[in-house]
Amino acid sequence: MKEKYVKCLIVIVVVIIIGGLFIYQGINKENKPLPEVKLKEIVNKNKSFAIMIQEKSETDKYQEYDSNTWPGDDYVFKEAKCIDNNGDEIKEAVTYENDKITLTTNKTVYCTVYFDKSLIGKLREDEELANKDNLSKDLQGGMYRYQGTDDVHNWICFGTTNNCGTNDDNIDKYMYRIIGVTKEGQLYLIKETFLKEGDTVEFQWNSKYNVSDCLGEACEWPNSDIYKRLNGEESNGNPIFINNAEYEYMVEGNEWYKLIEEHNWMYGDTNVTNWSIIYNGSKIYAIETGNTTTRYWPDEEQGQTTCSDDSLCAEKEYTWTKSVPAKIGLMYMHDVDYAYTGGNPENPTNVKNSWIYFQKDRYNTSSIYEWLLPRTGPNTESFSVVSARHVNLYGTINPNVMRYENGARPVFYLPSNVKIPSGTGTKTDPYILEI
């Protein structure tokens, strides 16, 4: 048996788990190239396993894959075709899960495993055609992210299958941007413009804001007005996204609404003020996913109910441990940071220059700011009230008392099997989703 290829010769029923390194272990370069096996052809028994990758998305052309690891996240398993010594097809002999192939058969078989371009592979393909390089090559904050300042090709329509970049009304209602793509292939989207309810584009994060009213979980993210109104509930006002008539595609039961996946949104507080942390994507991502930070909060176990000053409300270590399943969220601080080239903007000016800044494309031009999901809690400027994070006109990520009114741009996830049949990601030719 030659070392280049993994033999699929099985005399009795067995299960072979072929992991990520099996290819390299079975390679001997003198047997190259490895042919694609076809039904009813005469088979060379020394060439019993082939891996083929799609040359270009949405085509039927494949080429041999030759590497010491499985095809990466740019590819997704499509199918495996196996034949026996007689050239007859052996169906359902191969399954693929978690980067492992399981082969179950009691015959000698010869298999070809096909991988198609994944969604991230298609997006990279489009970038290459446009001579762009904005989609990160490595995972940053749990996903491959679009990073840059100008002319980032991540525009996408949601709520319509028509080009939504034709006029300002369509852009206001249907235009979104792709923040990134998870390793599993989920698209993470943000609305381009602020939500509105009639002529209103300013909403409170929460109507209760005094520390004494926010003890325990009373004013945390799942109990906040903005969370409830984003997710279709009435809370100090009507729904502003799900079940808002302004966005009929987000009415519960609509096909677009059903397309959005439920996601576990982590939430918590951080009073960090150090710019080297606030404006560094990886550092603030660590906090927003469970690394220790600090916050001011009364000692409820000792009966404290307010924070009139730091003598009543000491700074204590604090860790994000909670999450809530929901369709809709707001950006985290790390989402803002990671949108800048390299994911480390370092200062508000670079935040303001990044593609994700709420006034970058000359929309949302009023003097209001943009709410984010994390809270600050009480802080040295106002110990008696609870604040949440916002991005202001200068790109600064600051605390803002929760009762104040700011703009809100919903973010959400789409499933990994979503299709993008057309578009190039530009504002005038945005990506169009299949539904």
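Residues numbered from 1 in each chain as written. Predicted model: local features only at pLDDT ≥ 70, side-chain atom pairs only at ≥ 80, totals over all residues. Heavy atoms only, no water.

### Some points on the overall build of the chain
Check the secondary structure of the chain and you find nine helices and 22 strands. Within the span of the chain, comprising 435 residues, buried residues form 53% of the whole. Considering only contacts within the chain whose residues lie at least 6 apart along the sequence, 66% involve residues at least 24 apart. Within the structure as shown, the chain displays about 19,600 Å² of accessible surface, and the carbon and sulfur contribution to it stands at 43%. (Helix = DSSP H or I, 4+ residues; strand = E, 2+ residues; numbered from the N terminus. Buried < 20%, exposed > 50% of the residue type's maximum accessible area, 1.4 Å probe, protein only. Contact = heavy atoms within 4.5 Å. Areas by Shrake-Rupley, 256 points an atom, 1.4 Å probe, with all protein chains shown as cover.)

### Quick look at the state of the cysteines
This model, assessed by the stated rule, comprises four disulfides. Paired through a disulfide, Cys82 and Cys111 show a sulfur-sulfur distance of 2.1 Å. Residues Cys82 and Cys111 share a disulfide whose torsion about the S-S bond is about 110 degrees; that sign makes it right-handed. One end of the pair, Cys82, is in strand E4 (residues 75–83); the other, Cys111, is in strand E8 (residues 110–117), with 29 residues separating them in the sequence. Overall, Cys82 belongs to the buried group, its relative accessible area being 1%. Disulfide pairing is shown between Cys214 and Cys219; the S-S distance is 2.1 Å. Looking along the S-S bond of the Cys214-Cys219 disulfide, the torsion reads about -75 degrees, which is the left-handed sense. Assessed through its relative accessible area of 1%, Cys214 is described here as buried. What connects to what in the chain, once the bonded cysteines are numbered by sequence position, is 1-2, 3-4, 5-6, 7-8. (Disulfide = S-S within 2.5 Å.)

### Comments concerning the sheet that holds strand E5 (residues 89–90)
Strand order in the open sheet made by the five strands is E3-E2-E8-E4-E5, with mixed pairing throughout. Strands at the two margins of the open sheet, each flanked by one partner only, are strand E3 (62–64) and E5. Relative to E3, strand E2 (residues 49–54) is paired through three bridges, and the arrangement is antiparallel. Residue pairing across strands places Ile53 opposite Gln63, the latter belonging to E3. (Pairing = 2+ DSSP bridges.)

### Topic: the confidence of the model for the chain
For any part of a model where pLDDT is low, the fine detail of the predicted coordinates should not be relied upon. When pLDDT is averaged across the chain, the result is 87; 88% of the residues are at 70 or more. Across residues 1–46, where pLDDT falls below 50, the model places 113 contacts with residues more than four positions away in sequence or in other chains. (pLDDT = per-residue confidence, 0-100.)

### Some thoughts on the sheet that holds strand E18 (residues 370–379)
The strand order across the open sheet built from three strands is E18-E19-E20, with neighbouring strands paired in antiparallel fashion. Across the chains shown, the open sheet's two edge strands, defined by having one partner strand only, are E18 and strand E20 (397–401). For this sheet, the mean angle separating the axes of adjacent strands, direction not counted, is 35 degrees. With five bridges joining them, E18 and strand E19 (residues 382–391) adopt antiparallel strand pairing. (Axes fitted to C-alpha atoms, helices over the stretch in contact; angles between N-to-C directions.)

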